[in-house]
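Architecture and fold: a report
As a plain string of letters, each chain reads:
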Amino acid sequence: MALHVPYRSIPDMFLQRVAATPDKNAFASPAAGDSGLTWLTWSQVAARTKAIAAGLYGLGVGNEDRVAILAGTRLEWVLADLGIMCAAGATTTVYPTTEPADATFIIGDSGSKVLIAENPTQAGKITGAELPALTHVVLMDGEPDPAAAVPQLTLAQLEERGARALADEPGLIERIATTIEPEHLATLIYTSGTTGRPKGVELLHRGWCWEAVAQADLGIMNPDDLQYLWLPLSHSFGKTLLCSIIHVGLPTYVDGRVDKLVEMLAVVRPTLMCAAPRIFEKVYNKAVTTAHDAGGAKARIFNWAVGVGRQRVALQQAGTPVPGGLKLKYAIAEKLVFSKLQARLGGHIRVLVSGSAPLSPDIAEFFAAANLPICEGYGLTEASAANFVNRPVQIKIGTVGQPLGDLECRIDDDGEVLLRGAPVMRGYHNLPQETTEAFTEGGYFRTGDIGVLDDDGFLTITDRKKDLVKTSGGKYVAPSHIEGLFKATCPYTSQAVVIGQARNYCTMLVTLDPDAIAGWAAGGPLAGRPYAEIVASPQAHALVEGYVAELNSKLNRWETIKKFTILNRDLTIEDGEMTPSLKIKRRIVESNFAAEIDRMYAGQLAEI
């Protein structure tokens, strides 16, 4: 059955939301000193959004004209994005970590007419000479540079201009909204990808509005929830959440400061949070290593509680009732152990959502055991981010759930996941050949992911089509499967990268979580030593070696890790080794650490 979408565009959906609940809380930002939250109602959000939209309209922004946002996740990002679309423009998203050359390329390739930058430093990444289409730069923070090649003004000044225009024509934004069609461009998101130059993905109002309605049917987002939104809004995962927030009327705290996440969770106390797997891995690492480092009774109680929790999860996954005796044990386990973990996330979490990269099933099971269910999902920027997801009432651990709405999915002969439906992109910006190659003759988008659909429609992603490793012995290996197993096996892990393409055995690059490994070193001869010194020690090598042996016991012979190297630093976005959505860029990692990899294959070849 076709999904009914009662909106023509995001501005149409936004204006309907404001009319329906003008006085309800919409978005919050941190109060001064992080002492609490400062809320805006939907009518207050509308007032600022309309002023920004009218200001942009006055700068010449019209139908499908691109306006770039170069800023971190914050309330002003939301207001700017809504303002751009309410002016009939389309938002070009740029990560604040983007290097100047790439930022210039994205703004230039998109043909953006206006840049809304977080501050003068971000604005300084571009120069007007390279961007002939750019007419104005708007600063969220800081003062305009009167000598700038491209005229600058502040966001407050833009809103003042818009307010004056609205005083002359109060119905301006409503009039503009009627001109926006479902097939008009809403967003241009450049995929950082794991290889090559970023490609601009053209996403339409039709697809985003479809996402909003489809997500509302999942039981994940409710108007009486409180969401903590820290995800990069430059990424499609964050953008798709904004759409569902508007449709549902979901109160949302917006704060992209990841270093403040743990601190602010205790202040915000959300019921819902979406995250990349790395956040859940860090929580898992902290819980397990803290218990193990404590030793004695604390470690025994922790292990007992996790065992009880996993028994409960196994029964729930099998659809079998939990017996009374196990329920009693679980109540004790929750009081002694799991309540502390729940408190770390604010104490009120109803549901968590994981996306943007694979989540280890063992870690998902651990959170379910702690009564913190994770609804893992799957999607691509090219299909508006949310395509499959587990529902809270039916989580099948190890899968990414069932399709949203009326999205069509089929598995190609080679195992590739193919998608067709409203959320799929119009195409890659200015790249007609790549657009044609991305689709089958039947109009299905080629995801590049290998997956399996079960009889109930649950999808399991086994790996990226391009990431599958074929050893010189002809055996195929799925790196992400092995990496996920290792992260769940070794609680000190930050990142793991399996190597093996055209090699005669598999090896692995490992980075350790700085906090976890510092805790492990405390009280011993390595206490207080720098990270690089700790991980280079024989003790750390022996620690990881034990976990690699445990990993190998779970693998086929040709998958086993014969050698490993602990890197002297973690992988970073800044060094190009990870995307802003925390996916590993394998080609860059292999290039940056080529010497370490070569050493693992030097000399005597290991037997297969």
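What comes next is a walk through the structure. Residue indices begin from 1 for each chain and proceed along its sequence in written order. Only residues with pLDDT of at least 70 are given local features in this predicted model, and only at 80 or more are side-chain atom pairs given and counted; all residues enter the totals for whole chains, interfaces and linings. Based on all heavy atoms of the structure, the side-chain values leave hydrogens and waters out of the count.

Glancing now at the overall build of the protein chain. A tally of helices and strands in the protein chain yields 21 helices and 26 strands. Each radius of gyration is computed over the set of C-alpha atoms, and the globule rule expresses the reference value as 2.2 Å times the number of residues to the power 0.38. On C-alpha atoms alone, the protein chain measures out to a radius of gyration of 25 Å, which is about the 25 Å that the 2.2 N^0.38 rule sets for 608 residues. Burial status follows relative accessibility: with a 1.4 Å probe on protein chains alone, a residue under 20% of its type maximum counts as buried, one over 50% as exposed, and anything between as partly exposed. Within the protein chain, buried positions represent 56% of all 608 residues. The long-range fraction of contacts in the protein chain, counting pairs at least 24 apart against all pairs at least 6 apart in sequence, stands at 64%. Total accessible area on the protein chain stands at roughly 24200 Å², and carbon and sulfur atoms take up 53% of it. A gap of 5 Å separates the mean positions of the 56 positive and 67 negative side-chain charges of the protein chain. Numbering of helices and strands runs from the N terminus; a helix is a DSSP stretch of H or I covering at least four residues, while a strand is a stretch of E covering at least two. Only heavy atoms enter the contact rule, under which two residues are in contact if any of them lie within 4.5 Å. Residue burial considers only the protein chains on display, and all accessible areas are found by Shrake-Rupley using a 1.4 Å probe. Note that His is not counted, nor are the chain ends; the positive residues are Lys and Arg, and the negative ones are Asp and Glu. Taken as the charge location is NZ of Lys, CZ of Arg, CG of Asp or CD of Glu.

When DSSP finds at least two bridges between two strands, those strands are taken to pair. With mixed pairing, three strands are arranged side by side in an open sheet as β24-β25-β26. Sheet topology places β24 (493-499) and β26 (561-566) at the edges, where each strand pairs with a single neighbour. Averaged over all pairs of adjacent strands, the angle between strand axes in this sheet comes to 25 degrees, irrespective of strand direction. Alignment of β24 against strand β25 (residues 506-512), held across six bridges, turns out to be antiparallel. Note that in β25 the partner of isoleucine 499 across the bridge is threonine 507. To get an axis, a line is fitted to the C-alpha atoms, and for a helix only the part in contact is used. The angle between two axes follows their N-to-C directions and goes from 0 to 180 degrees. In the packing of helix α19 (residues 538-552) onto the sheet, the strands contacted are β25 and β26, and the crossing angle to β26 comes to about 145 degrees.

The next point concerns the environment of histidine 4. Structurally, the position occupied by histidine 4 is in the segment before α1 (10-20). A residue is classified by how much of its surface remains accessible, and histidine 4, at 63% relative accessible area, is exposed. Sequence-wise, histidine 4 and tryptophan 210 are 206 residues apart; in three dimensions their C-alpha atoms are separated by 8.3 Å.

Turning our eyes to something else, we now look at the pairing of strand β17 (residues 408-411). Taken together, the four bridges between β17 and strand β18 (residues 416-420) define a ladder with antiparallel strand orientation. Counterpart to glutamate 408 in the pairing with β18 is arginine 420. Hairpin connection between β17 and β18: a loop of four residues separates the two successive antiparallel strands, and glycine 415 in this loop has a positive phi of roughly 90 degrees.

Moving on: the environment of leucine 328. Assignment of secondary structure puts leucine 328 in helix α13 (residues 324-344). Separated by 113 residues in the primary sequence, leucine 328 and glutamine 215 have C-alpha atoms spaced 35 Å apart.

With that settled, the discussion passes to the packing of aromatic side chains. To pair, rings of Phe, Tyr and Trp, with the six-membered ring standing in for Trp, must have centres within 6.5 Å; the planes then decide the type, stacked if under 30 degrees apart, edge-to-face if over 60, and tilted in the middle. Applying the stated rule across the entire model yields 13 aromatic pairs. Pairing tyrosine 505 with tyrosine 601 gives two aromatic rings, centres 4.8 Å apart and planes at 35 degrees, and the pair type is tilted. On the criterion of sequence distance, the pair formed by tyrosine 505 in the loop between β24 and β25 and tyrosine 601 in the segment after α21 (594-600) is long-range, its members being 96 residues apart. Of the two residues, tyrosine 505 and tyrosine 601, neither departs from the other in class, the shared state being buried. Placement of a charge over a ring requires the Lys NZ or Arg CZ to be within 6 Å of the ring centre, with the centre-to-atom vector within 35 degrees of the ring normal. Of note, arginine 410 hangs over the ring of tyrosine 444, and the distance from its end group to the ring centre comes to 4.9 Å.

This part covers unusual backbone geometry. One non-glycine residue with positive phi stands out, namely aspartate 34, at about 55 degrees. Looking at where aspartate 34 falls in the secondary structure, it is placed in the loop between β1 (25-30) and β2 (37-41). Of note, asparagine 430 is a non-glycine position whose phi angle comes to about 60 degrees, a positive value.

Contact geometry of helix α11 (residues 277-294) with helix α14 (residues 361-369) gives a least axis separation of 10 Å together with a crossing angle of 65 degrees. The angle between α11 and α14 falls in the class roughly perpendicular. Crossing of α11 over α14 shows left-handed handedness. Touching Phe280, Glu281, Val283, Tyr284 and Ala287 of α11 are Ile363, Phe366 and Phe367, all from α14. Any angle that falls under 35 degrees is termed roughly parallel, while one over 145 is termed roughly antiparallel, one within 65 to 115 roughly perpendicular, and all others oblique. Put simply, a crossing is left-handed when the front helix is turned counterclockwise from the back one by less than a right angle, and right-handed when it is turned clockwise.

Right, let's get into the nonpolar core. In terms of nonpolar packing, the biggest core is built from 134 residues, with Ile10, Phe27 and Phe367 touching the most fellow members. In terms of residue count, the dominant contributor to this core is helix α3 (residues 75-86) (nine residues). Those residues in contact with phenylalanine 367 that lie beyond four places of it in its chain are Phe280, Val283, Tyr284, Leu345, Leu352, Leu372, Pro373 and Ile374. One finds Ile482, Leu512, Ala516 and Ile534 within the second-largest nonpolar core, a separate group that totals 29 residues. Side-chain atoms within 4.5 Å are what join buried Ala, Val, Leu, Ile, Met, Phe, Trp, Tyr and Cys residues into a set we call a nonpolar core.

Before going further, it helps to spend a moment on the sheet that holds strand β15 (residues 388-389). Spatially, the nine strands line up as an open sheet ordered β2-β1-β11-β10-β12-β13-β14-β15-β16, and their pairing is mixed. Pairing within the sheet leaves two strands with one partner each, and these edge strands are β2 and β16 (402-403). Both β15 and β16 contribute to a ladder of two bridges, which runs antiparallel. The residue bridging valine 389 from the neighbouring strand is glutamine 402, located in β16.

This part takes up the environment of glycine 83. With respect to the secondary-structure elements, glycine 83 resides in helix α3. With 24 residues separating them in the primary sequence, glycine 83 and isoleucine 107 have C-alpha atoms 18 Å apart. For glycine 83, the residues in contact, after removing those within four places along its chain, are Thr49, Ile52, Ala53 and Leu56.

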